[in-house]
There are 2 protein chains.
Amino acid sequence: MSMTYEAAQARPNASREPDRSQLHVLSEAPFNAEARLTNQAGTITPNTAFYVRSHLLDQPRMEAAGWRLRVEGEVQRALALSYEELRALPGLSLVVTLECAGNGRAYMNGQPQGELWHYGAVGTAEWTGVPLGVVLGRAGLEPSVQEIVIEGADHGYHPESKQERIYARSLPRHIAVHPDTLLAYAMNGEPLPFAHGFPLRLIVPGWYGMAAVKWVTRLHASALPFQGYFQTEQYVLIEKASAEKRPLTRIRPRSLILSPTEGERLARGWQWLKGVAWSGAARIKRVEVSLDGGVTWQAAEWSSRALPYAWRGWQLPWEATAPGPVTLSSRATDAAGNTQPLEAEWNKLGYANNAIQQVHVTVAD
Amino acid sequence: MSMTYEAAQARPNASREPDRSQLHVLSEAPFNAEARLTNQAGTITPNTAFYVRSHLLDQPRMEAAGWRLRVEGEVQRALALSYEELRALPGLSLVVTLECAGNGRAYMNGQPQGELWHYGAVGTAEWTGVPLGVVLGRAGLEPSVQEIVIEGADHGYHPESKQERIYARSLPRHIAVHPDTLLAYAMNGEPLPFAHGFPLRLIVPGWYGMAAVKWVTRLHASALPFQGYFQTEQYVLIEKASAEKRPLTRIRPRSLILSPTEGERLARGWQWLKGVAWSGAARIKRVEVSLDGGVTWQAAEWSSRALPYAWRGWQLPWEATAPGPVTLSSRATDAAGNTQPLEAEWNKLGYANNAIQQVHVTVAD
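Quick notes on the rules
- Residues numbered from 1 in each chain as written.
- Chains lettered and ligands numbered in written order.
- Predicted model: local features only at pLDDT ≥ 70, side-chain atom pairs only at ≥ 80, totals over all residues.
- Heavy atoms only, no water.
- Pairing = 2+ DSSP bridges.
- Helix = DSSP H or I, 4+ residues; strand = E, 2+ residues; numbered from the N terminus.
- Axes fitted to C-alpha atoms, helices over the stretch in contact; angles between N-to-C directions.
- Phe/Tyr/Trp six-rings, centres within 6.5 Å; stacked < 30°, edge-to-face > 60°.
- Buried < 20%, exposed > 50% of the residue type's maximum accessible area, 1.4 Å probe, protein only.
- Contact = heavy atoms within 4.5 Å.
- Salt bridge = Lys/Arg side-chain N within 4 Å of Asp/Glu carboxyl O.
- Polar contact = N/O pair within 3.5 Å; in protein donor to acceptor, adjacent residues only side chain to side chain.
- Nonpolar A, V, L, I, M, F, W, Y, C, P; charged D, E, K, R; others polar.
- 1 Å grid on protein atoms, 1.4 Å probe; cavity = no way out; pocket = protein on both sides within 12 Å on 5 of 7 lines; lining within 4 Å.
- Points joined across faces, edges and corners; volume = space filled by probe spheres on them.
- Least-squares fit on C-alpha atoms with pLDDT ≥ 70 in both.
- Arc of directions from axis to C-beta.

Novice: Explanation requested: the sheet that holds strand β12 (residues 216–222) of chain B in the structure shown.
Specialist: Two strands in a sheet stick together by hydrogen bonds in their backbones, pointing the same way (parallel) or opposite ways (antiparallel). Residues and elements named next belong to chain B. Read across the sheet, 5 strands follow the order β4-β3-β12-β7-β8 without closing on themselves; strand pairing throughout is mixed. Bordering the open sheet on either side are β4 (79–81) and β8 (163–172), each of which pairs with just one other strand. Sheet twist, expressed as the mean angle between neighbouring strand axes with direction ignored, is 25 degrees. By the bridge criterion, 3 bridges tie strand β3 (residues 69–73) to β4 in an arrangement that is antiparallel. Across the sheet, residue R70 finds its bridge partner in β4, namely A80.

Novice: Help me understand the packing of aromatic side chains in this model?
Specialist: What describes a pair of aromatic rings is the distance from one ring centre to the other and the angle between the planes of the rings. All names here are of chain A. Counted according to the given criterion, the structure contains 22 aromatic pairs over all chains. The interplanar angle of 85 degrees and the centroid separation of 5.9 Å between the aromatic rings of F50 and W127 together place this pair among those described as edge-to-face. Residue F50 is located in the loop between β2 (32–35) and β3 (69–73), and its partner W127 is located in strand β6 (residues 122–131); the two are separated by 77 residues in the primary sequence. With relative accessibility at 1%, the residue F50 sits in the buried group.

Novice: Explain the sheet that holds strand β4 (residues 79–81) of chain A to me, please; I cannot follow it from the model alone.
Specialist: Residues and elements named next belong to chain A. With mixed pairing, the 5 strands of this open sheet are ordered in space as β4-β3-β12-β7-β8. If you trace the sheet from one side to the other, it starts and ends with β4 and β8 (163–172), each paired once. Adjacent strand axes in the sheet meet at a mean angle of 20 degrees, parallel and antiparallel pairs treated alike. Relative to strand β12 (residues 216–222), strand β7 (residues 147–158) is paired through 6 bridges, and the arrangement is antiparallel. Paired with I150 across the bridge in β12 is L219.

Novice: What exactly am I supposed to notice about the interface of chain A and chain B here?
Specialist: Frequently, the measure chosen for interface size is the accessible area removed from exposure when the parts meet. Taken residue by residue, the interface counts 53 residues in chain A and 53 residues in chain B. Taken together, the connections running from chain A to chain B amount to 4 salt bridges. Two residues, D180 of chain A and R305 of chain B, come together in a salt bridge whose shortest N-O distance is 3.1 Å. At the boundary of chain A with chain B, the tally comes to 14 residue pairs in polar contact (both at pLDDT 80 or more). Looking at the side of chain A that touches chain B, its residues break down into 20 nonpolar, 21 polar and 12 charged.

Novice: Help me out: how do you make sense of empty space enclosed by the protein in this one?
Specialist: One way to see where empty space is left: roll a probe the size of a water molecule over the atoms. Summed over all chains, the structure comprises 13 cavities of 30 Å³ or more. The calculated volume of the largest cavity comes to roughly 320 Å³. As for the largest cavity, its lining consists of 26 residues, of which T43, V95 and L307 of chain A together with V95 and L307 of chain B are closest to the centre. Breaking the lining of the largest cavity down by element, the ones donating at least two residues are β5 (92–99) of chain A together with β5 (92–99) of chain B.

Novice: Is there a simple way to think about the relation of the copies chain A and chain B in this case?
Specialist: Of the transformation placing chain A onto chain B, the axial shift is 0.0 Å and the rotation is 180 degrees, giving an RMSD of 0.0 Å. In short, the pair behaves as if placed about a two-fold rotation axis. It is S15 of chain A whose C-alpha, among those of chain A, lies nearest the rotation axis, at 3.5 Å. When you check the interface residues of chain A against chain B, 100% turn up at the interface there too, and the contact is symmetric in its surfaces.

Novice: Can you help me understand the environment of R87 of chain A in this one?
Specialist: Along the chain, R87 of chain A falls in helix α1 (residues 83–87). Each C-alpha atom, one on R87 of chain A and one on V216 of chain A, is 15 Å from the other, the two residues being 129 residues apart in sequence.

Novice: Is there a simple way to think about the side chain of E99 of chain A in this case?
Specialist: Residues and elements named next belong to chain A. Among the structural elements, E99 can be located in strand β5. We classify E99 as buried; its relative accessible area is 1%. Within polar-contact distance, the side chain of E99 engages the side chain of R254 at 2.9 Å. A distance of 2.9 Å separates a polar atom in the side chain of E99 from a polar atom in the side chain of W278. Beyond its immediate stretch of four places on either side in the chain, E99 contacts Y51, A121, V122, Y208, G209, I251, R254 and W278.

Novice: Explain helix α2 (residues 132–139) of chain A to me, please; I cannot follow it from the model alone.
Specialist: One full turn of an α-helix is made of 3.6 residues, so residues set three or four places apart face in the same direction. Residue and element names in this part refer to chain A. Among the residues of α2, those classed as buried are L132, V135, L136 and A139. End-on, the buried residues of α2 take up no more than an arc of 100 degrees, which puts them together on one face. Once α2 finishes, G140 follows within two positions and takes phi at roughly 80 degrees, a positive value.

Novice: Mind showing me how you'd approach the pairing of strand β9 (residues 182–187) of chain A here?
Specialist: When a strand is regular, its side chains alternate between the sheet's two faces. All names here are of chain A. Burial runs high along β9: 6 of the 6 residues are buried. Sheet analysis places β6 next to β9, joined by 5 bridges and oriented antiparallel. Following the sheet pairing, G129 is matched in β9 by A184. One ladder, built from 3 bridges, connects β9 with strand β11 (residues 201–203); its direction is antiparallel. The residue of β11 that forms the bridge with A184 is R201. Of the pairings in the sheet, the one linking β9 to strand β10 (residues 190–191) comprises 2 bridges and is antiparallel in character. What sits directly across from M187, in β10, is E190. Linking two consecutive strands that pair antiparallel, namely β9 and β10, is a turn of 2 residues; a positive phi of about 55 degrees is found at N188 within it.

Novice: Would you explain unusual backbone geometry in this entry?
Specialist: With an omega of 5 degrees, the peptide bond between S259 of chain A and P260 of chain A qualifies as cis. With respect to the element layout, P260 of chain A can be found in the loop between β15 (254–259) and β16 (265–266). P30 of chain B follows A29 of chain B through a cis peptide bond whose omega is 0 degrees. Of note, P30 of chain B is situated in the loop between β1 (23–27) and β2 (32–35). Look at A352 of chain A: it is not a glycine, yet its phi comes out positive at around 60 degrees. Along the chain, A352 of chain A turns up in the loop between β22 (324–334) and β23 (358–363). Overall, the relative accessible area of 3% leaves A352 of chain A in the buried class.

This is a description of form; function is not addressed.
In structure tokens:
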């Protein structure tokens, strides 16, 4: 294989790791931090300002040189691919919004467990890498294969369950071989930062972020359903009426108002309300805005192009005439007809809260 | 107007200025540097790795606080907009490829004047800002207006013409008010770096980079054709047969092979040739690759989504079987039927060379 990329691309740029001044840190060990979305300008989130979700205490800082991607299990040829070999395979670049399944948990009633994310556990980047299906195709999946287990190199103590764990997740075969499921080595044109999984991260467009395994070192083709902790105990919906655990997959539609911000005092006159909207199930079809706490709604216009897996900017002019408090809300609807509920649907672990956001502002006298 | 963005967004991030280790510097004063395109991964070029074209010795480092955008001339209401006022106007984000009109000049015969750019005076970013037409609409253009003059704050000695100058350019009225012509304040989600025009840069999607005036401070609506130096003496095509000066506008179609690189030695076997292609006149329709110096051509496949103003990734598998030298070429064709010539079309100032690139590699025994 040819040496196609300069050495500079085989190491993260230290200045592109998460920048604390651009984040709200929720916990230091493991490191969890959310984006300050009011700084978002456009659809691309800079690498330094991108939210970070970590589960386990020992986070790897691997060098490209020694790293290998092992492909094992029910395959015709087990593989151990180097970083250079991976980068020499056919490439794909996709702009994808990642959202943590726990985003918005702080606004759920009933004190669910887990990190209390506000709205900032979401961001959008252009991810470049190799389709997972291309790598699996090289190995040759046996007909028996039902799932692909993706294993990260992160391990160590898990504070929530008080045990040593590794991070691993599985994908159904048909999702794993979808042409847009990506093993990404670059984020916004730069090598993946260490905090975002250098040298390799899985990207499953449209799925909540738990699927985006970082520091990938091993793919295991399996004929059996994977029973790992982060597959069956975490990232499942456990609802009131039933003890059934439904695994999380696609991101529910959501919109956020980024401007104005909660508690802001506005001058009277014309304002542009601005925000973003996304869904993992289908393209966003419309965003509506309410200026009266959800009684009446009007359609917003777009401020960026439609892309299949990325959030889209929206905006709406509003003439603030009457002084006093105003409750602003936005509501996204996707092409499959999914929309946002007024109230979060409770579940034990506090996932997938896509309830309509309320932003309270005051129009000055 | 509301204070919609945090103070962090009103200042460039010092770590996002051009990074010399990611660039080839052509001249220090004024600073001119091209991208190392073999590091390009995906379609977004990081701000630190984006080519820089500067004309004049004195480059401004303005603070957002004191800066104003003045709108003057044949308008109903002259304006002086602050940075905050501008950011509160309706927004637009577009992914746009910028290419310097002199890109590829080093490969033109007949020693044209000007900086000897190789192929790296090109890059792609998501630009976010306010449509120029929105600002002009606030001012109210008189019916007499034919052109909008866009003036940057850069000034000082111009080495090529040995005179003090300012940088200003004009746009025909219909281009100025096109909804995608943008006054950009953000680049890849970050405030514009100083080197890329903080606080405001014009982006004219599809046009060569000379139109993308940096450090914009003044718009002048005029009933007369603008006669500035960078409008009438530079950035014009002066061809052999005639003394006529044709102003440069839209980017001619071009494709580049980014991998493998010039002079590379390749192992025998399957390779993926990879590159990018773009055109300012219409969408790229196809990229073809030749492995025999231009005798036969085959169609490449895509590695990124189509966007109206951005380059698109392409790739092609190639089985290198015979040892020895091979000449690789790629050729882009846009939806308007424009394609690349085999030889650069000579012009006195060495602009708009979109001749087919040749990459010489050797297949090992």
